[in-house]
Structures are given as structure tokens and as C-alpha cells.
Amino acid sequence: MSASLSGSLMHRITPLFAARIRQNHRLLTSYSSALLEPPSPSPSPSLDAIHMTENCVQKMKELQVDEASAKKKLLRLSIEAGGCSGFQYTFSLDDKTNADDRIFEREGVKLVVDNISFDFVKGATVDYVEELIRSAFQVSTNPSAVGGCSCKSSFMIK
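Residue numbers restart at each chain and count upward from 1, following the sequence in its written direction. With pLDDT at 70 or above as the cut-off, local features in this predicted model cover only qualifying residues; side-chain atom pairs require 80 or more to be listed or tallied, and sums for whole chains, interfaces and linings still use all residues. To get the side-chain values, take all heavy atoms of the structure and skip hydrogens and water.

Visitor: Which parts of the structure should I look at to understand the sheet that holds strand 5 (residues 109–114)?
Guide: Paired through backbone hydrogen bonds, the strands of a sheet run either parallel or antiparallel to each other. DSSP bridges decide pairing: two strands pair if at least two such bridges lie between them. Strands here mean DSSP runs of E at least two residues long; helices mean DSSP runs of H or I at least four residues long; both are numbered from the N terminus. Spatial strand order, 4-5-2-3-9-8: six strands in an open sheet with mixed pairing. Of all the strands in the sheet, the pair left with one neighbour each is strand 4 (101–106) and strand 8 (145–148). Strand-to-strand twist of the sheet, defined as the mean angle between neighbouring strand axes without regard to direction, takes the value 35 degrees. Pairing analysis gives eight bridges linking strand 2 (residues 74–81) to strand 3 (residues 87–94), with the strands arranged antiparallel. Across the sheet, L77 pairs through a bridge with F91, a residue of strand 3. Every angle, taken between N-to-C directions, lies between 0 and 180 degrees, and every axis is a line fitted to C-alpha atoms, over only the stretch in contact when it is a helix.

Visitor: In this structure, what is going on with the nonpolar core? I would like to understand it.
Guide: By nonpolar core is meant a set of buried Ala, Val, Leu, Ile, Met, Phe, Trp, Tyr and Cys residues that side-chain atoms within 4.5 Å join together. The buried label goes to any residue with under 20% of its type's maximum accessible area, the exposed label to any with over 50%, and the partly exposed label to all in between, with areas taken from a 1.4 Å probe on protein chains only. One finds I50, L77, L111, V113, V121 and V126 to be the most contacted residues of the largest nonpolar core, which totals 23 residues. Sorting the residues of this core by element identifies helix 2 (54–66), strand 2, strand 5, helix 3 (115–121), strand 6 (125–130) and strand 7 (135–141) as the ones contributing at least two each. Should any heavy atoms of two residues lie within 4.5 Å, those residues are counted as being in contact. Among residues more than four places away in sequence, those in contact with I50 are F104, L111, V113, F118, V121, A124 and V126.

Visitor: Would you take a moment to explain helix 2 for this structure?
Guide: For helix 2, which comprises 13 residues, the first-to-last C-alpha distance of 19 Å matches the rise-based estimate of 18 Å (1.5 Å per residue) to within 8%. Within helix 2 the residues assigned to the buried category are C56, V57, K59, M60 and Q64. End-on view of helix 2: buried residues confined to an arc of 165 degrees, all on one side of the axis. Away from its buried face, by an angle of more than 90 degrees, helix 2 presents the exposed residues V65 and D66. For a helix, the expected span equals 1.5 Å multiplied by the number of residues minus one. Taking the helix axis as origin, the arc is that swept by the directions to the C-beta atoms.

Visitor: In this structure, what is going on with the pairing of strand 2? I would like to understand it.
Guide: Working note: regular strand, side chains alternate between the two faces of the sheet. The buried fraction of strand 2 is high, at six of eight residues. Following strand 2, the chain reverses through five residues before pairing antiparallel with strand 3; G82 in that reversal takes a positive phi of roughly 130 degrees. Judged from the three bridges that link them, strand 2 and strand 5 form a sheet pairing that is parallel. In the sheet register, L77 faces strand 5, and the bridge partner there is V113.

Visitor: Any chance you could explain the pattern of salt bridges here in plain terms?
Guide: Side-chain pairing between opposite charges can occur once the charged atoms of the two side chains come close. Salt bridges are defined by distance alone: a side-chain nitrogen of Lys or Arg within 4 Å of a carboxyl oxygen of Asp or Glu. All chains considered together, the criterion is met by eight salt bridges. Two residues, R76 and D94, come together in a salt bridge whose shortest N-O distance is 2.8 Å. Taken together, the residues span a long stretch of sequence, with R76 in strand 2 and D94 in strand 3 at a distance of 18 residues. For R76, a relative accessible area of 10% translates into the label buried. One continuous salt-bridge network, built from bridges that share partners, spans E54, K61, R106 and E107.

Pasting the structure below:
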């Protein structure tokens, strides 16, 4: 009796196993074909520019609305020696540019960096972050840096 019972059980579960195997085969072939397709080119940030995140742009627009002056403020990024890692980022609001400045713009917001500082932050991304301990502009990524402090206000150069 146990041989006929096991044969009956095999006849009942065989279609279930076959369906599951076909389903897994379809999933695996679609996954492997997706891996073989060349990735779509994603726009990589240029290393000859400094990029601003959406948060950075929005905060600058808010600051410009709050400012009584008719002249729009510029966000100035400069690099100074010091900080816990060797160099530190310094942000300030400015209303003029200098002859040696590079200007980067996004949605009408301008970021200004002098030529000497630019060599330290080529390809970097500037963000505005709001945390419990502070709200500030900061350099979120910098291809020229190999390390820095946890507060992201200073860095070591490559």
C-alpha cells in the first residue's frame, strides 16, 4: 500500500514542481539577460565643475528671498589651511565676484570659487544639510579628498 501511496503522491506533486521550475527558469533567464545588457549611460558629474544639490539650491533661493538687498547673494566656497584634517571648507555669502573667481550656476543660484581653492574641490558636490547639531552648507563629495573629519568641514588632499 505504501508504494501505491507514494506513486499517487508523486503524480500529484510533479505538476507543481514542473510549474515552479519553469517559473524559476523564466526569472533566471530574464535576470541574466538584464545583466548582459550594456548599462544605460548615466550622467556622471563633470570633474571640471562644482555641483550643487537640490537642497543647496533651495536654501540659497530662500536666503535670497529673505535678503533685503536687491542684489542676489552668491555662495562662496573657499579652502583654508587648518581644521582637524589639514584643510577646511569655508562658506560665506558674497555679493561680488573677483577677477580670479570661477562661477558655477544652477537654477539661477551661483556658487563662486577662487582659482586656488578650485584646485582642491574640482568635481565636488555642495549640499545643504539640516541636522540636530547644525544646519550648514557642506561639501558632500570631493574627488580630491582622501579623508576628513566626521563633520565634513575639513579634509585631507590626495
